Amino acid sequence: MKYIVTVNEREYTVEIVDERRALLDGRVVEVDFEPVGGQPLYSLLADGKSFEAYVYPGEEALQVLLMGQLYQVTVEDEREKRLRAAAGGRVAESGEYHLKAPMPGLVVAIPVQDGQAVEKGQALVILESMKMQNELKAPRAGVVGRIRVRERDSVEQRQTLLSVQ
Amino acid sequence: MFNKLLIANRGEIAVRILRACRELGIETVAVYSEADRRAMHVRYADEAYLLGPAPSRESYLRGDKIIEIALQSGAQAVHPGYGFLAERQSFAQACLDAGLVFVGPRPSAIAAMGDKMTARNTVAAAGVQVVPGTEGEGALGDADLLAVAPGIGFPLLVKATAGGGGKGMREVRSLEEMPHLLEAARREAESSFGDGSVYLEKLVEGAHHIEFQVLADQHGNVIHLGERECSLQRRHQKLLEESPSPFLDEDLRRRMGAVAVKAAQAVDYVNAGTIEFLVDKERNFYFLEMNTRLQVEHPITEMVTGVDIVVEQLRIARGRQLSYAQDDIAFSGAAIECRINAEDPYNGFLPSTGVIEHSIPPTGPGIRVDTGVYPGFEISRYYDPLIAKLIAWGETRGQAILRMRRALEEYRIVGVHTNIPFHQTMMDSHRFLAGQYDTRFVEERFSMEELEEGKHTFPEIAAVIATLVAHRQAEHSAQFVQRGERDTSNWKWVGRWERMHR
């Protein structure tokens, strides 16, 4: 299986030949890949060199934490790549954005109102968790709608708080 | 002399105190909230009693209930740790009233140092320099503030009396711009706190936040254990501390130590305490405040002095003399502490909650880990995000940094995000290595994204690892569809799949 892999905006081709071999930009790499201690921690022996990394699924990319550095990695097979190219790139700038609680907590304040226009980066909800107040910000400009929580509400992780259209 | 003690705290500090008690043969009583039934301090203590529901004010802040439990269990003393009730005069007093020994200062000393105005006036009267300003002079009008400003000197800060978090705060560079900024600060203070009172304080530029550990017994002996450099902070939260400070020389250390002792004596201080100073670029130092309790970062002082501060605390509380005179205290090597928090440094340091699924703390020469968590324990939203304190000691600062670097890379925690990558980036930062940082460094000049020159990166390895993960996922989901073709049950697959996406 052949993949187009983008690491921090640089592109590589990685082909999985079999369990023990991969081709990195056409070059053979002997691989031995094992999850350790439960996912998402992995051990890789690549041509005998030992690496360990955390791999977290992100919104659009996999986040690989390796030797104290974070890499944003997208992995697509050739078909997905062609589809995306045909679709004209990302669609994140349109449609409805649902603000979800990144962690359980207490809604301290909602400094916006239904129907209010907001700028990118503007605070939408102040959520208190672990004795700290955290500003949850708008990822893009839009209009606030469907506020589903009130001040002093306790919310669960990934609970939808409001939407930006 | 007590031989059974209640620990009115949780987490790593409760475990730290338990260890000292164990070594001294003191029986221990833990208290816990409903969220902490499986916590390490409950497991390690000789006895443990439930306080109440998870929120602190219904559990760890219930002083009345804690005292009741102490009396019922036959404990004769209470150690408050840090945070929670540690700096509440009323709790210390209530312990004494109930006939319990409070492992800490007298209530009067907590009160004197707890109120900023009283603290400033008390230490100033003892001849200790404080940051020049008008705090403690009551709510002054604009005319008065403008009149005293040149005496304090520019730049200065206008700060809200009721303030916090930088609200109602303005930096003033000259007398001309001051009326306008005063008005703005008052307006913001009024809307944020319902109180427009402000005071002036000299702005200490390029400041270092340096604190001195003091120990005082009930027989009038007061010593200091040197300093801790605490300038690496984010939003006024300390992230990393080291001792000795790369910024101090022997002469300044001696002078500041003497002042720290004097400040403690000014309030008849007993037990362990910490005097915080601001030190400016010209090495002028000013008293900031005193923390009348054990400090989070006390282990680095233990590493460079060899003194077990918690054991000394218990000794002092038992009415005995300090084990050391000032001349007995010798400093050896350098120690660094990294606070390992459940926070995502790549996502605005948002707190991260979840169950610790896997954990391998580092070990080996010069490494100490103080923690209260273990695999299977849940990091909940109710308490602070400190998972562990990683401490490295070396004969030199350089060796301590090398050990810290390798220990950070060794540390494996799965289940929550941690700020370990932040510390790793810091350990590579040229300014940190050179010891050239001040209290604004993290917020103004530090970036997780910008790599130091010459830093080795592994994008190709990241590409291979991500591909192997994605490839496996694709294979597994294909298998998921093909009923009966799998080696394990559907439910197992769903469980694994969900865990991947948590």
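The rules behind these values
The residue count restarts for each chain, going from 1 along the sequence in the order it is written. Whichever chain is written first is A, and whichever ligand is written first is 1; the rest continue in order. Reporting of local features is limited, given that this is a predicted model, to residues whose pLDDT is at least 70; pairs of side-chain atoms are given and counted only at 80 or more, and all residues count toward the totals for whole chains, interfaces and linings. Helix and strand assignments come from DSSP, with helices taken as H or I runs of at least 4 residues and strands as E runs of at least 2, each series counted from the N terminus. Values of the radius of gyration come from C-alpha atoms, whereas the globule rule sets the reference at 2.2 Å times the count of residues to the power 0.38. With C-beta atoms placed from the backbone, a residue counts as buried when 20 or more other C-beta atoms lie within 10 Å of its own, as exposed when 12 or fewer do, and as partly exposed for counts between those limits. By definition, residues are in contact whenever their C-beta atoms, placed on the basis of the backbone, come within 7 Å of each other. Expected helix span is computed as 1.5 Å times (number of residues minus one). To obtain the arc, one takes the directions from the helix axis to the C-beta atoms. Two strands make a pair as long as DSSP finds a minimum of two bridges between them. Where each domain starts and ends comes from a domain assignment, either automatic or drawn from a database. Lines are fitted to the C-alpha atoms to define the axes, a helix being fitted only along its stretch in contact, and any angle between axes, read from their N-to-C directions, falls within 0 to 180 degrees. Roughly parallel here means an angle under 35 degrees, roughly antiparallel means over 145, roughly perpendicular means 65 to 115, and every remaining angle is called oblique. Residues are grouped as follows: nonpolar covers Ala, Val, Leu, Ile, Met, Phe, Trp, Tyr, Cys and Pro; charged covers Asp, Glu, Lys and Arg; every other residue, Gly included, is treated as polar. Crossings are classed by handedness, with left-handed meaning an anticlockwise turn of the near helix from the far one by less than a right angle and right-handed meaning a clockwise turn.

**Digging into the overall build of chain B**
Move 1: Each helix and strand in chain B was counted, giving 17 helices and 22 strands.
Move 2: Relative to a compact globule of 502 residues, whose C-alpha radius of gyration would be 23 Å, chain B shows 25 Å and is just as compact.
Move 3: Seen through its C-alpha atoms, chain B measures out along the principal axes to roughly 85 × 60 × 50 Å.
Move 4: For chain B, the residues scored as buried account for 46% of the 502 residues in total.
Move 5: The long-range fraction of contacts in chain B, counting pairs at least 24 apart against all pairs at least 6 apart in sequence, stands at 64%.

**Considering helix 8 (residues 178-193) of chain B**
Residues and elements named next belong to chain B.
Move 1: Between its terminal C-alpha atoms helix 8 stretches 21 Å, which fits the 22 Å expected from 16 residues at 1.5 Å a residue.
Move 2: Looking only at helix 8, the buried set comprises Met 178, Leu 182, Ala 185, Glu 188 and Ala 189. Along the axis of helix 8, the buried positions cluster into a sector of 135°, meaning they face one direction only. For helix 8, the exposed residues set more than 90 degrees away from the buried face come down to His 180, Arg 187 and Ser 191.
Move 3: On its buried side, helix 8 packs onto helix 7 (142-152), strand 6 (156-160), strand 7 (170-172) and strand 8 (198-202).
Move 4: At the exit of helix 8 stands Gly 194, carrying a positive phi of roughly 70°.

**Description of the pairing of strand 10 (residues 222-234) of chain B**
All names here are of chain B.
Move 1: For strand 10, a buried count of eleven out of 13 residues is recorded, marking the element as mostly surrounded by other parts of the structure.
Move 2: Between the antiparallel neighbours strand 9 (residues 208-216) and strand 10 lie five residues, among them Gly 220 with a positive phi of about 90°.
Move 3: Sheet analysis places strand 10 next to strand 11 (residues 237-243), joined by four bridges and oriented antiparallel. Within strand 11, the residue paired with Arg 234 across the bridge is Gln 237.
Move 4: Counted along the chain from strand 10 to the antiparallel partner strand 11, the turn is two residues long, and its residue Arg 235 has a positive phi close to 50°.

**A short note on the sheet that holds strand 9 (residues 97-100) of chain A**
Residues and elements named next belong to chain A.
Move 1: Strand order in this open sheet of four strands is 9-16-14-11, and the pairing throughout is antiparallel. Of all strands in the sheet, those with a lone pairing partner are strand 9 and strand 11 (117-118), marking the two edges.
Move 2: Pairing analysis gives two bridges linking strand 11 to strand 14 (residues 142-145), with the strands arranged antiparallel. Bridged to Val 118 within strand 14 is Gly 142.

**Comments concerning the sheet that holds strand 13 (residues 132-137) of chain A**
Whenever strands of a sheet pair, they do so through backbone hydrogen bonds, lying parallel or antiparallel.
Residue and element names in this part refer to chain A.
Move 1: Taking strand neighbours across the sheet as the criterion, the four strands line up as 13-12-10-15 in an open arrangement whose pairing is antiparallel. Edge positions in the sheet fall to strand 13 and strand 15 (154-155), since each has one partner strand and no second.
Move 2: Note that strand 10 (residues 105-109) and strand 15 share two bridges and pair antiparallel. Across the sheet, Leu 106 pairs through a bridge with Ser 154, a residue of strand 15.

**Looking at the domain arrangement of chain B**
Where interface size is quoted, it is often the accessible area lost as the parts come together.
Move 1: For chain B, the domain assignment lists domain 1 (4-103), domain 2 (132-202), domain 3 (208-445) and domain 4 (459-500).
Move 2: If you average the C-alpha positions of domain 1 of chain B and of domain 2 of chain B, the two centres end up 41 Å apart.

**Brief notes about the environment of Asn 9 of chain B**
Residue and element names in this part refer to chain B.
Move 1: Tracing the sequence through the fold places Asn 9 in the loop between strand 1 (4-7) and helix 1 (11-24).
Move 2: For Asn 9 and Leu 61, which are 52 residues apart along the polypeptide, the C-alpha to C-alpha distance reads 9.2 Å.
Move 3: Apart from residues lying up to four places away in sequence, Asn 9 is in contact with Ala 14, Tyr 60, Pro 80, Gly 81 and Phe 84.

**What to know about the packing of helix 4 (residues 89-97) of chain B against helix 5 (residues 107-114) of chain B**
All names here are of chain B.
Move 1: At their nearest, the axes of helix 4 and helix 5 sit 8 Å apart, and the two run at 175° to each other. Classified by the angle their axes make, helix 4 and helix 5 are roughly antiparallel. Contacts between helix 4 and helix 5 pair Gln 89, Ala 92, Gln 93 and Leu 96 from the former with Pro 107, Ile 110, Ala 111 and Gly 114 from the latter.
Move 2: Class assignment of the residues belonging to the contact of helix 4 with helix 5 gives a composition of five nonpolar, three polar and no charged.

**Observations concerning the interface of chain B and chain A**
Move 1: Contacts between chain B and chain A engage 36 residues on the former and 47 residues on the latter.
Move 2: For the side of chain B that touches chain A, the elements supplying multiple residues, two or more each, are strand 16 (350-351), helix 12 (397-410), strand 22 (412-414), helix 13 (420-428), helix 16 (459-481) and helix 17 (490-500) of chain B.
Move 3: It is helix 16 of chain B that contributes the most residues to the side of chain B that touches chain A, 13 residues altogether.
Move 4: Taken together, the residues of the side of chain B that touches chain A break down into 20 nonpolar, nine polar and seven charged.

**Comments concerning the packing of helix 12 of chain B against helix 13 of chain B**
Residue and element names in this part refer to chain B.
Move 1: Their axes nearest at 10 Å, the elements helix 12 and helix 13 cross at an angle of 150°. For the element pair helix 12 / helix 13, the angle class is roughly antiparallel. In the crossing of helix 12 with helix 13, the sense of the turn from one axis to the other is left-handed. In this structure, helix 12 contributes Ile 401, Met 404, Arg 405, Leu 408 and Glu 409 to the contact, and helix 13 contributes Ile 420, His 423, Gln 424 and Met 427.
Move 2: By residue class, the composition of the contact of helix 12 with helix 13 is five nonpolar, two polar and two charged.

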